[in-house]
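Working through the structure, step by step
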Amino acid sequence: MNPESIIESVISKYQDYVNPGLASLMKFGGFGDVEVSASGCIVRTATGGEYLDCLGGYGVFTLGHSHPDVVDAVRRQLDKMALSSRTFFQEPLALLAERLAQVTPGNLQYSFLCNSGTEAVEGALKIARVATGRTGFVCTVGGFHGKSMGSLSATGREVFRKPFDPLVPGFVHVPFDDMEAIEEAVDENTAGVIVEPIQGEGGIRCPGPNYLQRLREICDRTGALLILDEVQTGLARTGAMFACDHWSVVPDIMTLAKALGGGVMPIGAVVSTPSIWEAAFGENPLLHTSTFGGNPLACAAGLATLRVIERDGLVDRARDRGAQLIEGLRNVHARFPDALADVRGMGMMIGVEFKVKDVAELSINGMARRGVIAAYTLNNPYVIRFEPPVVITPEQVDQAVTAFSEAVEEAVGMLADL
Ligand code: PLP
């Protein structure tokens, strides 16, 4: 089949068998092609297009696509044993849990491994409830924790929540970065306060300097557990191994996913302390389980990922390339102050807020036509995010900034002509 026929066939199958509305949205966004391969920061399509990936799979591709060390580790494990018998002990799981205990801050030590971000959050919520004997949670407006029922109950955007009411009871949403609101909302029935250290889908929102520390204090005083959702921010993305390291705050429970699989395997993790683990699993070690969670392939990918992050200094690279990218984007902001409202972020987790939603939409499309992939944040369509692989080169950062600049200029011109 020639490329055009492949594209037509795949898109029509999305329309007929996957999700027609999604197919239209993807075409409108400028992504009406079919991806066929990827390596490093580049995604290749059926028509021979080469795209610089500045979305990075919403934080999945910290190491880039198809990192050879991760692919190799998974391949070697595949040759031995793909999935666990679920009876014997298995080494990749043991090694990964040990490594997570070593790299996570403070006394975080035990890990429950699962397959996605939302599963990690479900695990965290259940563990917090059973460990405290309480049922309430305080979470934030604009926060994103996934779309399964428990995680969705914590997610702070009505458009995703409303159609599924009633959700899990006991979740209270307060404005992000508002310490007084958290203080007021936490009471003797609060099992946990769950926040992202930097709101990702809420529009790449960084908290003020004392926010996380204050949350830590409130939790210590009230006996609520501090759950930091590092599914998107974790593992070098923000220029620290974990975003909470920026503020030297240690949570009681941390959730991880996205980057942990090295862009090769899906995996999630809930990491917590010995005393919480004892309270949660002491009486019944099978209280929370997952058939595929912690499978040898995913754990082999996780181990290789942690090795590469440390060996190649990806925390420093996220900080340095992030500084270059944010400076470039701020220069564009200075040129188009009427179209852009803000450029913000930490490390390689950067958001550009637009004043007009249509300019944002057209700019994403314009960047795609210039060979650069970008996207909105899910809970805030005014914000385009830049979360490229941390292995991006300085030249590729310049390429992304140039494409963005041209796309904004074009979008502003198009709207002025209407
Ligand atoms: N938590 C955070 C902070 C996220 O950003 C996401 C996804 O974007 C999730 C949880 C849910 O992860 P998943 O889509 O793997 O279920």
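Anyway, here's the lowdown on the structure attached to this text. (Residues numbered from 1 in each chain as written. Predicted model: local features only at pLDDT ≥ 70, side-chain atom pairs only at ≥ 80, totals over all residues. Heavy atoms only, no water.)

**Observations regarding the overall build of the protein chain**
Selection criterion: The helix and strand labels rest on DSSP assignments: H or I over at least four residues marks a helix, E over at least two residues marks a strand, and numbering proceeds from the N terminus. Accessibility here uses a 1.4 Å probe with only protein chains present; expressed as a share of the type maximum, an area under 20% marks a residue as buried, one over 50% as exposed, and anything in between as partly exposed. A contact between two residues is defined here by any heavy atoms of the two lying within 4.5 Å. Lys and Arg are tallied as positive, Asp and Glu as negative. Neither His nor the chain termini are counted. Positions of charges follow a simple convention, taking NZ of Lys, CZ of Arg, CG of Asp or CD of Glu.
For the protein chain, the helix and strand inventory stands at 15 helices and 15 strands. The C-alpha extent of the protein chain, read off along each of the three principal axes, is 65 × 55 × 45 Å. Every one of the 418 residues in the protein chain was classed for burial, and the buried ones make up 53%. Restricting the contact set of the protein chain to residue pairs at least 6 apart, pairs at least 24 apart contribute 73%. Side-chain charges of the protein chain comprise 34 positive and 50 negative groups, with the mean position of each set lying 2 Å from the other.

**Focus on the site of the ligand**
For the record, the criterion: Residue proximity to a molecule or strand is established when one non-hydrogen atom of the residue lies within 4 Å of it. Here a polar contact is recorded for every N or O atom pair within 3.5 Å, except that within protein the pair must consist of a potential hydrogen donor and a potential acceptor, and residues adjacent in sequence are included only if both atoms are side-chain atoms. Amino acid classes used here: Ala, Val, Leu, Ile, Met, Phe, Trp, Tyr, Cys and Pro are nonpolar; Asp, Glu, Lys and Arg are charged; the rest, including Gly, are polar.
Around the ligand, the neighbouring residues are Ser116, Gly117, Thr118, Phe144, His145, Gly146, Glu196, Glu201, Asp229, Val231, Gln232 and Lys258. At a separation of 2.8 Å, an oxygen atom of the ligand approaches a polar backbone atom of Thr118. When grouped by side-chain class, the residues that make up the shell around the ligand number two nonpolar, six polar and four charged.

**Focus: the nonpolar core**
For the record, the criterion: We define the nonpolar core as a collection of buried residues of types Ala, Val, Leu, Ile, Met, Phe, Trp, Tyr and Cys that are connected through side-chain atoms lying within 4.5 Å of one another.
Core analysis: the largest hydrophobic core is formed by 89 residues, its most contacted members being Leu100, Ile182, Val193, Leu212, Phe354, Phe386 and Phe404. Here this core gets nine residues from one element, more than from any other, and that element is helix α12 (residues 296-311). Ignoring any residue separated from it by four or fewer positions in sequence, one finds Val193 in contact with Val138, Ile182, Val186, Leu215, Cys219, Leu225, Leu226 and Ile227. With 22 residues, the next largest nonpolar core counts Ala124, Ile127, Trp277 and Ala280 among its residues.

**Brief notes about the sheet that holds strand β11 (residues 340-346)**
What counts here: Strands qualify as paired when DSSP identifies two bridges or more between them. Interaxial angles span 0 to 180 degrees and are taken between N-to-C directions of axes, which are lines fitted to C-alpha atoms, for helices over the stretch in contact.
Spatial strand order, β11-β12-β15-β14: four strands in an open sheet with antiparallel pairing. Single-partner strands in this sheet number two, and they are β11 and β14 (375-377). Averaged over all pairs of adjacent strands, the angle between their axes in this sheet comes to 35 degrees, without regard to strand direction. One ladder, built from three bridges, connects β14 with strand β15 (residues 380-386); its direction is antiparallel. Pairing of Thr377 across the sheet is with Asn380, part of β15. Here helix α13 (residues 314-335) sits on the sheet and contacts β11, β12 (349-354) and β15; the angle it forms with β11, its principal contact strand, is near 175 degrees.

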